[in-house]
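A look at the structure
Listed here are the chains, written in short residue letters.
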Amino acid sequence: MTKAVNDKVVVKDYFNATGFDRWRRIYGDGEVNKVQRDIRVGHQKTIDTVIEWLEADGNLSNIMICDAGCGVGSLAIPLAQAGAKVYASDISEKMVTEAAKRAQETLGYSNSIAFTVQDLESLSGKYHTVICLDVLIHYPVPDAAKMITHLASLADSRLILSFAPKTFFLSILKKVGEFFPGPSKATRAYQHKEADIIKILQDNGFTIKRTSMTSTRFYFSRILEAVR
Ligand code: SAM
């Protein structure tokens, strides 16, 4: 078995077990500890930035969006609320089930989000915009490169990615114990050099349009919008 497969299996198992419980709470509105609250606030800023960018373009109701690694639907649901058609998928069945439940509660039974349980590398089709937030942190550079290349092949006009930038490596390393305390909750966190990500995007025919950075005490996410 290759290392890449190992990473994916570990990540999938994690988000169907302890990771599911942990992140469902962080991406919710119930009681959480201080570290989790900080991550919740940071993550929400990332979501808000992306929604702001897309709403500013004024064409949300005309475009099809692929949300790859959708988690519990934190992005897909507000995008659908804003009028977009969303194809949302995640490698974790538990996350997708929770996302579909939240979508039903917020948007009603028939809504404009199609959910599937799928590894993002097995996604097919064409979308105006492909978005992949806070997923690359789970994969080392060679795997992340393959994933970005695949996502780029699905995107007709735009690809939006977020990742933990390499510059914050040490501070993240220090906090990793708090992100994933105890061996049973362990999964690895990988940081990426912005220059590497931009190079992959350029090699796939994209240029960078907008960028943003979300930093809180325990959450760091660089957001890039790449367009054809
Ligand atoms: N993008 C969501 C958000 O920002 O709210 C969720 C972020 S969460 C930190 C990472 C998510 O990526 C998890 O739901 C996990 O199951 C999913 N994931 C990890 N590897 C994946 C892969 N190879 N294909 C699809 N989803 C993946």
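Before any of the text, the structure's been laid out above.
For clarity, every value in this text was computed on a predicted model and none was experimentally measured.

Criteria and thresholds
- Residues numbered from 1 in each chain as written.
- Predicted model: local features only at pLDDT ≥ 70, side-chain atom pairs only at ≥ 80, totals over all residues.
- Helix = DSSP H or I, 4+ residues; strand = E, 2+ residues; numbered from the N terminus.
- Buried ≥ 20, exposed ≤ 12 C-beta atoms within 10 Å, placed from the backbone.
- Contact = placed C-beta atoms within 7 Å.
- Core = buried A, V, L, I, M, F, W, Y, C linked by C-beta atoms within 7 Å.
- Axes fitted to C-alpha atoms, helices over the stretch in contact; angles between N-to-C directions.
- Left-handed = near helix turned anticlockwise from the far one by under 90°.
- Nonpolar A, V, L, I, M, F, W, Y, C, P; charged D, E, K, R; others polar.
- Arc of directions from axis to C-beta.
- Near = placed C-beta within 6 Å.
- Pairing = 2+ DSSP bridges.
- Expected span 1.5 Å × (residues − 1).

With that out of the way, let us pick up the overall build of the protein chain. A tally of regular secondary structure across the protein chain gives eight helices and seven strands. Relative to its full complement of 228 residues, the protein chain shows a buried share of 37%. A separation of at least 24 residues holds for 73% of the contacts in the protein chain among residues at least 6 apart in sequence.

On to the nonpolar core. With 59 residues, the main nonpolar core has Ala-76 and Ala-99 as its most contacted residues. Setting aside its immediate chain neighbours within four residues, Ala-99 contacts Cys-70, Gly-71, Val-72, Gly-73, Ala-76, Ala-88 and Phe-115.

The geometry of helix H6 (residues 141–154) relative to helix H8 (residues 194–203) is characterised by a closest axis approach of 10 Å and an angle of 35° between their N-to-C directions. The handedness of the crossing between H6 and H8 is right-handed. For the pair H6 and H8, contact is made by Val-141, Ala-145, Ile-148, Thr-149 and Ala-152 and by Asp-196, Ile-197, Ile-200 and Leu-201, respectively. Among the residues making up the contact of H6 with H8, the classes are represented as seven nonpolar, one polar and one charged.

For the rest of this paragraph, the subject is helix H2 (residues 18–26). If you check which residues of H2 are buried, you get Gly-19, Trp-23 and Ile-26. Summarising the axial view, the buried residues of H2 lie within an arc of 55°, below the 170-degree limit, and thus occupy one face.

Within the structure, the ligand sits among 20 residues, and Phe-15, Gly-69, Gly-71, Ile-91 and Ser-92 are positioned closest to it. If one sorts the elements of the shell around the ligand by residue count, helix H1 (residues 3–15) sits on top with three residues. By residue class, the composition of the shell around the ligand is eleven nonpolar, five polar and four charged.

On to the pairing of strand E6 (residues 207–215), then. As a general feature of sheets, a regular strand has side chains that alternate between the two faces. Sheet topology note: the E6/strand E7 (residues 220–227) ladder contains eight bridges and is antiparallel. The residue bridging Thr-214 from the neighbouring strand is Ser-221, located in E7. In textbook terms, the turn of a hairpin is the stretch between consecutive antiparallel strands, and for E6 and E7 this stretch comprises four residues.

The next point concerns the environment of Ile-223. You can see Ile-223 is positioned in strand E7. Through-space distance from the C-alpha of Ile-223 to that of Thr-46 is 7.6 Å; in sequence the pair is 177 residues apart. Residues within four places of Ile-223 in sequence aside, it is in contact with Thr-46, Thr-49, Val-50, Ile-160, Ser-162, Thr-211 and Ser-212.

What follows concerns H6. Relative to the 20 Å expected for 14 residues at 1.5 Å per residue, H6 spans 20 Å between its end C-alpha atoms, a close match to the ideal helical length. Here H6 has its buried residues at Ala-144, Met-147, Ile-148 and Leu-151. End-on, the buried residues of H6 take up no more than an arc of 100°, which puts them together on one face. Its buried side turned inward, H6 meets strand E1 (64–68), strand E4 (127–132), strand E5 (155–163) and H8.

In this section: the sheet that holds E4. Ordered in space as E3-E2-E1-E4-E5-E7-E6, the seven strands form an open sheet in which the pairing is mixed. With one partner strand each, in any of the chains shown, strand E3 (113–117) and E6 form the two edges of the open sheet. Between one strand axis and the next, the sheet turns through 15° on average, direction left out of account.

Distances and angles like these do not, on their own, reveal function.
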